[in-house]
Amino acid sequence: MAVPVPSLPMNGAQLKLTLDELRKSTMLRFPNISALLLSSDLSIGDLATTPEGTFSIVAPNTYVPNGNTVQNLETAHGQAVLNPGEAVSDFDALSSDTRSYDLFEQGQLIFQKLTGNRWQVLPRDSESYHFETIGGVKLRDLSETYDPVAYGWKNGDDIAKYLNSFFSGDKTTFYLPPGSNYVLASEVRVDLSTVITTEKILQLTGTRGTRTVSAGLVRIQTSEKRADTPIFTCYGGETVFNTDGTAWVIEDTNQVRFIGHVGWGSLDNSRNQGTLFLIRNKNGYCERTQLIDCKARYLKHFARFDLKGGIFGGLSFKGTRISNLEVSGGVSGLAQISITTDAEVSLAVSSASDYRVGETVVQAVSGAYGTVLGYPEGNDIIFVSNVVGAFNTTNIVTGEESGASKIPNNVCTPRYPNLYDSSFNDIKGNLNGGVIVMDLGGSMRDTNICNLSCEASVGTTAHYFKDLGSWSTGRPRITLPDLGGQMTYFSAVRTSKVSRAQTFLDGICLPPSEVSPDTTDGVIAVADGISWNPGNIGVGNGGKGIFTRLFGTWRRVNVLTLTSLAKLGDITDGVNTSEKFLGKEVTISTNGHKYVALGAAARDAWHPISENNSASNISPT
């Protein structure tokens, strides 16, 4: 720095004034803040620099000392105040900052060393600030993401208040540094219908959270129905259950996605507990939920789809997608993908809202009664719980408070939700004995279940499906896996049809087989008639045909062939030279009489098999 040379001569007063001015322009250097505070040579107005930053020496009691940005000098009369342009060490230093607006200019930046965050000083009357210091300075975090470390979170701390702050704020992404470990000891609730961003993203890759109490969960919900409900996405992360309960509740909201999340009932398989995802319809719908590339380690349930009832409550879990799921362990008798309901009975009635939620409904004659849980948005069903007796479609059901009286045209016991237009694909893993991969029931119309590959512990048996035994409408399409590894298809004898045939727009192509295909009963195949000719009942294209495997035997599927008596007797006609085989049936177009071929050769006779039993064989010539 340039220092002006004083003019000589000067008297004592002039000399003091000159020296004071020279001191103000001189930066005093100290090895650390402790040395600065112990110095007895400091005067008000001095500037002192340390590795911790540059400090101005001000009059005593100018600011409240906080041991960081404002500190009292120990051997001199004054305070060391961190200059406003200097960085602070961490959020503790920022939050305890007692410096006031008289030191800062609007728009000035404060740099936070620990996380690299930049905080901008806002006007005194600003309402859009992220944080206000003890000194009353309002600051805005200029980072694109919400990093809880920048707001004071430390490894091992409870994360709840930081999640609440993020969900209510204007940041789109919550970023927790890889390697972080957090706990969750209370419920965090985010209402997506009230957030002020178009999306909320949790970036938890490489982190682990532990639920220390059963109340430690995150509830993602929507209190009002919106066409533009913000999307919720969680990337990565692990959840560990120290106690049974639920980690993530997805309730009455759409477009929630978890990608690469891992749930641990216990880290050492000492306990199989907890539900990683509770997906619940109460007063709305949970549709288009996606759980992709997740892992379920020693859990009671990976996902539980639950119908709770409620006012205009949703039956639908439409568009759910679970893909590339790895499962381990589990609890015998319980499904990793579970379907549950509080609706013991649903009664199909018109204007269901005429009944009151919570009232008792009683059916005449049958004497059945129960409590109204709610009704769906279609207003055409009442959900009933605490049911005693059996409701029917003959007698009137009356509400004791509302007085509504209607005869139900359908009774479904129990009423499971509608998990339709969904996909469950690529589920694999090693299960404990008795564990079920997924429940089947309710309505699963146009839902596809495929690419399952699981096995059970040695010496035990686990199961792919459990038939809940109550269907309201359509069944899913299931591509059955190869059985092996101590797996069975169903946990018990099925009581109903649980799947539907595959539907193809323009037919199924079965190329002719040169070898015998899978010999499982129910297989349908096309024989080429040469290399594979079941029963050798035809020659060449006469052996070619559609066959089905039944009772351990290949049986030809006969098709209608119309012909005439004259053609049957003509050895050169196509009915004798092409596609002829032993047992082939033909129908005479003029009278409907039927004949069967006694052989595959053109000369082999046709034998009458219809009501004209007196007719003779026809031998082609």
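Our subject is the structure that appears above.
What you are looking at is a predicted structure, and each value in this text was computed from that prediction instead of being measured.

What counts as what
- Residues numbered from 1 in each chain as written.
- Predicted model: local features only at pLDDT ≥ 70, side-chain atom pairs only at ≥ 80, totals over all residues.
- Heavy atoms only, no water.
- 1 Å grid on protein atoms, 1.4 Å probe; cavity = no way out; pocket = protein on both sides within 12 Å on 5 of 7 lines; lining within 4 Å.
- Points joined across faces, edges and corners; volume = space filled by probe spheres on them.
- Helix = DSSP H or I, 4+ residues; strand = E, 2+ residues; numbered from the N terminus.
- Buried < 20%, exposed > 50% of the residue type's maximum accessible area, 1.4 Å probe, protein only.
- Pairing = 2+ DSSP bridges.
- Core = buried A, V, L, I, M, F, W, Y, C linked by side-chain atoms within 4.5 Å.
- Contact = heavy atoms within 4.5 Å.
- Arc of directions from axis to C-beta.
- Axes fitted to C-alpha atoms, helices over the stretch in contact; angles between N-to-C directions.
- Patch = residues over 30% accessible without salt bridge, like charges linked within 9 Å, V, L, I, M, F, W, Y side chains within 5 Å.
- Areas by Shrake-Rupley, 256 points an atom, 1.4 Å probe, with all protein chains shown as cover.
- Salt bridge = Lys/Arg side-chain N within 4 Å of Asp/Glu carboxyl O.

Trainee: Account for empty space enclosed by the protein, naming residues and giving values.
Mentor: Counting across every chain of the model gives 1 cavity of 30 Å³ or more. Computed from the structure, the largest cavity encloses a volume of approximately 130 Å³. Lining the largest cavity are 17 residues; nearest its centre among them are Y182, L184, V218, T239 and W248. Among the elements that take part in the lining of the largest cavity, strand β15 (residues 208–211) stands out by supplying 3 residues, more than any other.

Trainee: Can you tell me about the pairing of strand β16 (residues 217–221), naming the residues and giving the values?
Mentor: Each regular strand carries side chains that alternate between the two faces of the sheet. Within β16, 5 of the 5 residues are buried, leaving the element largely enclosed by the surrounding structure. Of the two faces of β16, both are covered, the one formed by L217, R219 and Q221 as well as the one formed by V218 and I220. Strand direction decides the pairing type here: strand β13 (residues 187–191) and β16, joined by 5 bridges, are parallel. Note that in β16 the partner of D191 across the bridge is Q221.

Trainee: Pulling in residues and values, what's your account of the nonpolar core?
Mentor: A general tendency of soluble globular proteins is for nonpolar side chains to be buried together. If you look at the biggest cluster of nonpolar residues, it comprises 96 residues, and the most contacted ones within it are L36, W248, F258 and F302. The residues touching L36, leaving out its near neighbours within four places in the chain, are F30, L42, A48, T50, F55, I57, L73 and A80. Grouped together as the second largest cluster of nonpolar side chains are 14 residues, V345, L347, V372 and V397 included.

Trainee: With reference to specific residues and values, describe helix α4 (residues 160–168).
Mentor: Since the α-helix turns once every 3.6 residues, residues separated by three or four places project in the same direction. Along α4, the residues that are buried comprise A160, Y162, L163, F166 and F167. Seen end-on, α4 carries its buried residues on one side only, within an arc spanning 165°. The outward face of α4, more than 90 degrees from its buried face, is lined by the exposed residues K161 and S168.

Trainee: Now, about the sheet that holds strand β41 (residues 487–490): what can you tell me, with residues and values included?
Mentor: The sheet built from 9 strands is open, its strands ordered β13-β16-β19-β22-β25-β28-β37-β39-β41 with parallel pairing. A single partner strand is all that each edge strand has here, and the edge strands are β13 and β41. Between one strand axis and the next, the sheet turns by 15° as a mean value, whatever way the strands run. Where strand β25 (residues 301–307) meets strand β28 (residues 335–341), 5 bridges bridge the pair, whose relative direction is parallel.

Trainee: Account for the environment of H77, naming residues and giving values.
Mentor: Relative to the assigned elements, H77 resides in the loop between β4 (70–72) and β5 (79–82). Taking the C-alpha atoms as reference points, H77 and V58, 19 residues apart in sequence, are found 9.0 Å from one another. Excluding residues that lie within four positions of it along the chain, H77 makes contacts with I44 and P60.

Trainee: So what's going on with a nonpolar patch on the surface? Residues and values would help.
Mentor: On the surface, F504, I508, L510, I524, I546 and V557 cluster together into a nonpolar patch covering about 540 Å² of accessible area. Looking at the secondary structure, you find V557 in the loop between β44 (553–556) and β45 (562–563). You can call V557 partly exposed: its relative accessible area is 38%.

Trainee: So, the sheet that holds strand β7 (residues 118–121): which residues are in play, and what are the values?
Mentor: An order of β6-β7-β9-β8 is seen for the 4 strands of this open sheet, with the pairing classed as antiparallel. Because the sheet does not close on itself, it has two edges, and the strands there are β6 (109–111) and β8 (131–132). Sheet analysis places β7 next to strand β9 (residues 138–141), joined by 3 bridges and oriented antiparallel. Following the sheet pairing, Q120 is matched in β9 by R140.

Trainee: Which residues make up the environment of G399, and what values do they have?
Mentor: Here G399 shows up in strand β33 (residues 397–399). Given the relative accessible area of 2%, G399 is considered buried. With 39 residues separating them in the primary sequence, G399 and T360 have C-alpha atoms 6.0 Å apart.

Trainee: Describe in detail unusual backbone geometry, supporting the description with residues and values.
Mentor: Cis peptide bonds are those with omega within 30 degrees of zero, and the linkage from T413 to P414 qualifies with -20°. For P414, the position within the fold is in the loop between β35 (410–412) and β36 (423–431). Unusually for a residue other than glycine, R288 sits at a positive phi of about 60°. By the secondary structure assignment, R288 is in the loop between β22 (275–281) and β23 (290–292). One non-glycine residue, D446, lies in positive phi territory at about 60°. The topology assignment puts D446 in the loop between β37 (436–442) and β38 (448–456).

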